[in-house]
Amino acid sequence: MFGLSIIDILVIIAYFGVVVVIGIWASRNVKGEEDFFLAGRKFGKLVQTFAAFGQGTSADNAVGVSTTTYTNGASGIWSSMLYLFATPLFWFTSAWMRRLRILTMGDFFVERYGSKRMGGVYAIIGAVGMMAFIALGFNAMAKTVLAITPKPVAEFNEKDAAEYTEAYQLKTAKHSDGDIRFLSLAEFTEQVELETISAEALSAPQADRLAELQEKVPATIVSYLDLKLLVWLVCIVVMVYASAGGLEAAFLTDMLQGIGIIVLSIILIPFAWSKINTIYGGESYADALATIHAKLPDSFFDMFGSPLAVDFTWYYIIALSTMAMLTVMIQPNVLVSSGSAKDEYAARYGYVVGMFLKRACTVLWGVFGLAAIVLYSSSVQNSDLVWGHATRDLLGPLGIGLVGLMIACLMAALMSTADCLMLTCSSLLTHNLYRMAVPDRSARHYVWAGRIFGALVLLGSAWIALQFETILQIMKFIWEMNIALIPAFWLGMKWRKANRIGAWVSIIVGVVTFLVLPFLLPTLSPSLRTNDTLLQRTDPAPLVRTYDATEADVSQRADEILDWDAANALGQAVGNRPEALEIGESFTQTYELAKQSIFWTQGVSPDADGNLVGKGALSLELVALQLAGFDLSQNAYAMNETLRILLRTSIPILLMVVICLVTRPDDAELTDRFYAKMRTRVDPDRDGDEKLLAESLADPSSTRGVLLFPGSKWEFYRWNKQDSVGFALAVLAIFGILAFMYVLLTIGS
């Protein structure tokens, strides 16, 4: 049934049954908004760890990292590791989240700036961003499950056959003698996709066919299951248990789902290594790793700056990590994750350990991606499907329910994120919008409003997931969503002179400049997409690297020699004949780097008429630099992207600082009460904490003793032993993760 065995189906049904029962069981404790949205702030370290790990790890993470590693080698791991260097700072920021003692992140703007409208604006921006994150998980999970349940060609109906043929043509078309030739599976390794051919080289028939296939976006796999049906099914299950039991149900199921994610991260690797040994010879896992090193070029194992992902330079990674550190704390789910802890230590321990647990799993996803290249590079060309294909190939023959377990784990990875984000969105919409419009209702009324908003959020997320064809498209939709909120949060948290006017100006300018105009201007003036200046691309110099030749390098060089000889026979050879290599020989490899769009976020590609067109949003900050006289085409793509991130992050901050310095400060009593609360550490005893907080609010000046610079306008606190030891251990954990990655990538080399 559905291409699965009975035992696989039973495993999936059992999983769904357990999470629904947990949701119904937890509903008995829901009596008010704090119970529903923050589970009464009662969770300890263990639950907080799995909650942080679960809500921060969705189905798209495992599939996405294996995809980027499958395509780019070990450097693809950085697609999900950019938060690594920011993790020690979470030791402090997660404690701040608990110390806020608020229900939603929107309440921060209400308490700090005295503006309910600002809290409402945040609720809208935060809810849209969280819905997009849920949609991302829906999309990744569904596509992988479809890959696990493929329909045999013999069972194709007429529609299946037609769509699969078109998808096959799109992925295997090759420019040959001015026409299109369709390749067999055996010729996949020689493919040159139409989409990679420059517009000038495309013939008119090729351009027409490419445009036709891109318009249709045909399915690359035909499954027993329907993608839409699968998305709606998972949506309904999450809706049932999370709407019934609230955050307690979400976090308790996250315990189960977190274990499932760890299983998902590990289960494919030993089977992949075993199959490599079966095919190429070997007995131990070290033998399998040695084979992987022998079969792949040495460049595939570069942790930083690989020529296959050269744009992940050290300075670009630092810029992204900095932006990630600033924006992640503004995400509304972070408040929910840390604010539900019983005290500050549980909040910071759970969040930091949960994030490092995710980093370790990320390395394992990348290690599997390298093994998958050796096993499937000649048979799986759509990297988004490699995880599903490997699941069926490696686990299916065992017939013991492991395929069903993998599907359940993928769903667990999605659901552990979706439930938390659903409740985050519903709390924002209920508390910061609905309550403002419909005040003075009972606690029961607002709980039911939260349930309804939560259901609507999930339905909206499922709808968003079905509007995009690729995971990358959704990522570009949510990229840098919270950038405009950075100044209001960070300056508001640490600078007493931050005021309401400055916050409003920075939010409005940031939203308009970086979220609205980049999409609106090309819509109002389509000619911008074909403007010659804006179509400029980088012109990078060739990259030269030195490696020790592996079996793969020797084979690749032999192919290059054959190609040169064939071209020479036709009088078309370029340069000198390549020299043959021997295994272990040192050689230099020259990489011609792709020219990439400077000003368009989704690059430049030909339209149906073969004319170049800018895709995605327009990077206004880079346009401004170009107009100021900087020749950005001479920069590496990574440098331009680094400049864009720095400008996008710093301009709103500088603007708010200037506005706050020249405008009247907010009411001193409002500011004093906020900072008095932030200087008061949380007492695990609810009554004791309320008493302690009341004393601080009655005399805010009594709390100034914790300040590092008590005579300034900055709110930096003195570190105690817990602060110092925790931060030092988190820094050491970074080196531990890097060492873990290095060891796994060098064993067998």
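Residues numbered from 1 in each chain as written. Predicted model: local features only at pLDDT ≥ 70, side-chain atom pairs only at ≥ 80, totals over all residues. Heavy atoms only, no water.

### Let's talk about the environment of Ser597
Consideration 1: Along the chain, Ser597 turns up in the loop between strand E4 (586-591) and strand E5 (604-606).
Consideration 2: According to the relative accessible area criterion, Ser597 is buried, its value standing at 6%.
Consideration 3: A C-alpha to C-alpha distance of 6.8 Å links Ser597 and Leu535, two positions 62 residues apart in sequence.
Consideration 4: Look past the residues within four positions of Ser597 in its chain and what remains in contact with it is Gln536, Arg537, Gly603, Val604 and Tyr637. (Helix = DSSP H or I, 4+ residues; strand = E, 2+ residues; numbered from the N terminus. Buried < 20%, exposed > 50% of the residue type's maximum accessible area, 1.4 Å probe, protein only. Contact = heavy atoms within 4.5 Å.)

### As for helix H21 (residues 551-569)
An α-helix turns once per 3.6 residues; consequently, residues spaced three or four apart project the same way.
Consideration 1: When the terminal C-alpha atoms of H21 are compared, their 27 Å separation across 19 residues agrees well with the 27 Å that a helix rising 1.5 Å per residue should span.
Consideration 2: Every buried residue of H21 is accounted for by Ala552, Asp553, Arg557, Ile561 and Trp564.
Consideration 3: Where H21 ends, the next residue or the one after it, Gly571, has phi of about 75°, a positive value. (Expected span 1.5 Å × (residues − 1).)

### Considering the pattern of salt bridges
Consideration 1: Taken as a whole and judged by the stated rule, the model has 14 salt bridges.
Consideration 2: For Arg681, the salt bridge goes to Asp723, with nearest N and O atoms at 3.2 Å. You can see Arg681 sitting in the loop between helix H24 (668-678) and helix H25 (686-698) and its partner Asp723 sitting in helix H26 (residues 721-746), a full 42 residues away along the chain.
Consideration 3: Classification of Arg681 as partly exposed rests on a relative accessible area of 32%.
Consideration 4: Classification of Asp723 as buried rests on a relative accessible area of 4%.
Consideration 5: Where salt bridges share partners, they join Arg99, Glu344, Arg348, Arg681 and Asp723 into one cluster. (Salt bridge = Lys/Arg side-chain N within 4 Å of Asp/Glu carboxyl O.)

### Quick notes on empty space enclosed by the protein
Consideration 1: Applying the stated rule across the entire model yields 3 cavities of 30 Å³ or more.
Consideration 2: In this structure, the largest cavity encloses a volume near 50 Å³.
Consideration 3: What lines the largest cavity is simply Trp273, Leu289, Ile292, His293, Phe301, Val367, Leu370, Leu744 and Leu745.
Consideration 4: When contributions to the lining of the largest cavity are tallied by element, the ones reaching two or more residues are helix H11 (285-295), helix H14 (344-376) and H26.
Consideration 5: With 3 residues, H11 is the single largest residue contributor to the lining of the largest cavity.
Consideration 6: In the lining of the largest cavity, the residues fall into 8 nonpolar, 1 polar and no charged.
Consideration 7: Every residue along the wall of the second largest cavity is listed here: Asp553, Gln556, Arg557, Glu560, Leu581, Phe587 and Gln589.
Consideration 8: Contributing elements (two or more residues each) for the lining of the second largest cavity: H21 and E4.
Consideration 9: The leading source of residues in the lining of the second largest cavity is H21, at 4 residues. (1 Å grid on protein atoms, 1.4 Å probe; cavity = no way out; pocket = protein on both sides within 12 Å on 5 of 7 lines; lining within 4 Å. Points joined across faces, edges and corners; volume = space filled by probe spheres on them. Nonpolar A, V, L, I, M, F, W, Y, C, P; charged D, E, K, R; others polar.)

### What to know about the nonpolar core
Consideration 1: Phe108, Ile292 and Trp387 are the most contacted members of the largest nonpolar core, which has 143 residues in total.
Consideration 2: Sort the elements by how many residues they give to this core and H14 lands first, with 17 residues.
Consideration 3: Residues in contact with Phe108, not counting those within four places in the same chain, are Leu100, Ile102, Tyr113, Ala488, Phe489, Gly492, Met493 and Phe674.
Consideration 4: Core analysis: the next-biggest nonpolar cluster, separate from the first, contains 12 residues, Ile598, Trp600, Leu618 and Leu622 among them. (Core = buried A, V, L, I, M, F, W, Y, C linked by side-chain atoms within 4.5 Å.)

### Here's the deal with a nonpolar patch on the surface
Consideration 1: Among the surface-exposed residues, Ile508, Val512, Val516, Leu520 and Leu524 lie close enough to one another that they form a single nonpolar patch of about 410 Å² accessible area.
Consideration 2: Its location among the elements puts Val512 in helix H20 (residues 500-524).
Consideration 3: A residue is classified by how much of its surface remains accessible, and Val512, at 35% relative accessible area, is partly exposed. (Patch = residues over 30% accessible without salt bridge, like charges linked within 9 Å, V, L, I, M, F, W, Y side chains within 5 Å. Areas by Shrake-Rupley, 256 points an atom, 1.4 Å probe, with all protein chains shown as cover.)

### Considerations on the confidence of the model for the chain
Consideration 1: Per-residue pLDDT for the chain averages 77, and the proportion of residues at 70 or more is 75%.
Consideration 2: Low pLDDT (under 50) marks residues 172-200, which in the prediction has 50 contacts with non-local residues, meaning those over four places away or in another chain.
Consideration 3: Scored below 50 in pLDDT, residues 469-476 shows 16 contacts in the model against residues more than four places distant or in partner chains. (pLDDT = per-residue confidence, 0-100.)

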